[in-house]
Amino acid sequence: MKRYLEKIRLPGGRWRRAVAVATAVAVLGVLTFLYWPMDAAAYLRPEPSSQILDREGRPVYAFLNAREQWCFPIALADVGPRLVQATLAAEDRRFRAHPGIDPAAVLRAVGQNASRGDVVSGASTLTMQVVKLRHGPARTVRAKAWQGLLALRLERHATKDEILEAYLNRAPYGQNLVGCEAAARRYFAKPARELTLSEAALLAGLPKAPTALMPLDNPDRARARRTYVLARMEADGVVGAAERSRADHAPLGARHHPFPALAPHLAMRLRPRLDHGTRLRTTLDAALQQEAERLVGRSVRNVKRDIGNAALIVVDVRSAEVLARVGSADFFDIPGAGQVDACLAPRSPGSALKPFTFALALERGRLYASEMLLDHVLDFGRFNPENFDEQYRGLVTASDALRSSLNVPAVTVLDRIGPASVHELLTRSGLTTLNKTPDYYGLGLTLGDCEVRLQELTAAYEMLANLGEYRPLRIVSDGPPQEPRRLLAPGTCAKIYEMLEQPLPSEMTGAVRAAGVKTRVCWKTGTSSGHRDAWAFVFNRQYLVGVWMGNNDGRPSRKLFGAWSALPLAGRMFRYLPATSQPAWPDTSDNLIKTTVCAVSGLPATKWCFQTREDTFPRNQFLNRACDMHYPAPGAGDTNKVVERWPGSAKGWDLAKIGTVRHAEGEAREEALQILSPADGAEFVLTGEAAGDRIRLSSSLDAAAPLHWYLDASFLGTATAESPIYLELKPGGHTLTCMTASGVTGTVKFNVVVTARTPKFD
């Protein structure tokens, strides 16, 4: 190297050669520095706030980033031309031409600062400001020079658009707002691409002094800065004088707008899945979510003294995607903690489980929708179901029993198929709270003697609405949807559609859209025992709305009645849902068939049924049950003379199997005998009061013929319709038998107990 330097001959001697060498080395070093690989992403990459987005990518909920700042980075193409023009005019009008530092700006700043004897002008380019955002401000000449070198180097490793995008996403805009998108949403409640000229000029001027120019605190300074930016834009030729004047005279328009905070319960549940800056897309529809939260809040505010909370879920039936989900009426102001997600709280469903009992009975051929059931006193010993209004309707079709939510027919149907089968269907439909054995719930299962979650029960209803195919509700759009599992036949669910179809109550406009076109819907309500929970589910082939209303602490209220409180809310939400091109009702042509039924029993008719009609049955349903009410009159020899018979009581009611004693063909037939009082398995507690421990014996044939009664094999006497028998109760277990003159018998067992409160007998 030394020999090489000695060969250099420059005018002026050795010092000139030394300067030249030093200059060459310096230039080489600078070039090496500029082109040496660097991590440009460290300068370009902002620190975004995590966001939860709706199905269209619109923000639903946002979290502060690690620096406790709001930052929502967007692509340069989404910024909007006005803000880009205003930013370049305000900060770096020669940005597209300079290599990272602007020589003209440097010379101007040096001249102005020298003439004034103070720093009155800077020469920072946008690229230098991007460097400053990473390393901090340069407070010395040496630091400023280093900042300029880094800017030159960044320009070698990033494009102009990348640097401009980084600036717009990382620049401070007042408060804890970083980036133009956060500022546009905060001050103007709109995305940056929708800013007007005056709004864009206001934002473009803020990064120079974010605190001093912040429009919410210093509107006059912000206005003056906007005027300056607009003047620069006019000087650069990007706006005309008239346009600049209009923008300059426009009001600031800046307000404090909250960032989206929809679906807070869901957001808190999903937060552990969000890394720093993650944008998680959900199936929610932001507009529907906002309306759902408004409706739920208003519904609870109207009855807040009686009902403190509500939850609501809207589902797209065909995809099982959740479109809206409200966990409480007010996340921050609900007695007993509004942060508790009521969509996941176990609550008693009341009659909301009945459709699954009826559907499974249809599926297994143990029930026809047209058959007559008896709504009357039903005694299972310690279990005596009654209707909610404590009234009985007598004979009703299965469809009317389900539609009217009658308890006795529902228990009758469950008794036919057994609680275990319905328990299995419900657990396969996603109800995880039924974690006890079927025997624990017993026949009360269909009446809601259990606890369920709104989110899980809504998924089960989605299975019915989707014609028997079950899928867990989908709320996060990451990965393919889960394959459905068929739990019920399409024909069964098509018949449930028919059984549950009914217009919403006239005082509600929930089923009528703005155009006045009525939408066909099914609905079912539920009210828990003691008026602690009210439920409603409204659905068709397009949408499903599930609602729960109640109090977090379980406090009862007479207003907690499904049809009065939950159903109006569900109906109003259903009305708001947008119309779709998909049919609102299932095509039943392939799933239902017409069948001739007895007009009296509603069961498939036999040749003895003198009156018939047609009804629809699921195509998959096996017609293994027929009317057992009608048969030829004994000894008449003329089949046109038909005798009609009925079961003795609601217990074991089945018009396809009345249970009569059959004799040889042509001989007389006699109706079944069943003891009604006392009921089989009943338990009595002695009172010790006069005439307080005596019961009347009764049977299904009291009015037909004299009956002989026996207690523990001892004859009690013969009873007639005019002279019934009364039994004095005595402690212990007993067997009671009743017999007709022809030998038909009925037997029950009951128990009589003495407690500490029972007075001693003399």
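Heads up: the structure comes first, above all this text.
Summarised in this report is the structure supplied together with it. (Residues numbered from 1 in each chain as written. Predicted model: local features only at pLDDT ≥ 70, side-chain atom pairs only at ≥ 80, totals over all residues. Heavy atoms only, no water.)

This brings us to the overall build of the chain. When helices and strands are counted, the chain shows 22 helices and 27 strands. Per-residue burial for the chain yields a buried fraction of 51% across its 762 residues. In the chain, the share of contacts with a sequence separation of at least 24, taken over all contacts with a separation of at least 6, comes to 66%. (Helix = DSSP H or I, 4+ residues; strand = E, 2+ residues; numbered from the N terminus. Buried < 20%, exposed > 50% of the residue type's maximum accessible area, 1.4 Å probe, protein only. Contact = heavy atoms within 4.5 Å.)

Right, let's talk about the nonpolar core for a bit. Across soluble globular proteins, nonpolar side chains show a tendency to be buried alongside one another. Grouped together as the largest cluster of nonpolar side chains are 94 residues, with contacts concentrated most on Phe356, Leu457 and Tyr461. Looking at this core element by element, the count peaks at 8 residues for helix H20 (residues 454–465). Leu150, Ala182, Leu203 and Val239 belong to the second-largest nonpolar core, a separate cluster that totals 60 residues. (Core = buried A, V, L, I, M, F, W, Y, C linked by side-chain atoms within 4.5 Å.)

Before going further, it helps to examine unusual backbone geometry. With an omega of 5 degrees, the peptide bond running from Ser677 to Pro678 counts as cis. Along the chain, Pro678 turns up in the loop between strand E19 (675–677) and strand E20 (683–685). For Leu467, which is not glycine, the phi dihedral falls at a positive 60 degrees. As for its placement among the helices and strands, Leu467 is situated in the loop between H20 and strand E10 (469–470). Exposure remark for Leu467: the relative accessible area of 13% places this residue in the buried category.

Attention shifts here to the pattern of salt bridges. Inspection of every chain in the model, using the stated rule, returns 32 salt bridges. Across the pair Arg96 and Asp161 runs a salt bridge whose closest N-O atoms are separated by 2.9 Å. Pair noted here: Arg96 is in the loop between helix H4 (81–91) and helix H5 (103–116) and Asp161 is in helix H8 (residues 160–170), with a separation of 65 residues, a long-range link. A relative accessible area of 39% places Asp161 in the partly exposed class. Across the pair Arg625 and Glu371 runs a salt bridge whose closest N-O atoms are separated by 2.9 Å. Placement of Arg625 in the loop between strand E16 (612–618) and strand E17 (630–632) and of Glu371 in the loop between helix H15 (354–363) and strand E8 (372–375) is noted, with a sequence separation of 254 residues between them. Taken individually, Arg625 and Glu371 each receive the classification buried, so the pair is uniform in this respect. Here the salt bridges do not stand alone but share partners, grouping Glu371, Arg416, Arg625 and Asp654 into one network. (Salt bridge = Lys/Arg side-chain N within 4 Å of Asp/Glu carboxyl O.)

Time to look at H20. Between its first and last C-alpha atoms H20 spans 16 Å; for 12 residues at 1.5 Å apiece the expected length is 16 Å, and the two agree. Along H20, 11 of the 12 residues are buried, which leaves the element largely enclosed by surrounding structure. Of the positions making up H20, those classed as buried are Leu454, Glu456, Leu457, Thr458, Ala459, Ala460, Tyr461, Glu462, Met463, Leu464 and Ala465. Directly beyond the C-terminal end of H20, a positive phi value near 60 degrees is found at Leu467. (Expected span 1.5 Å × (residues − 1).)

If you trace the 5 strands from one edge of the open sheet to the other, you get E20-E27-E26-E23-E24, paired in mixed fashion. The sheet is open, and its two borders are formed by E20 and strand E24 (714–719), each paired with just one other strand. Strand-to-strand, the axes of this sheet are offset by a mean angle of 25 degrees, without reference to chain direction. Sheet topology note: the E20/strand E27 (residues 745–753) ladder contains 3 bridges and is parallel. What sits directly across from Phe684, in E27, is Val752. (Pairing = 2+ DSSP bridges. Axes fitted to C-alpha atoms, helices over the stretch in contact; angles between N-to-C directions.)

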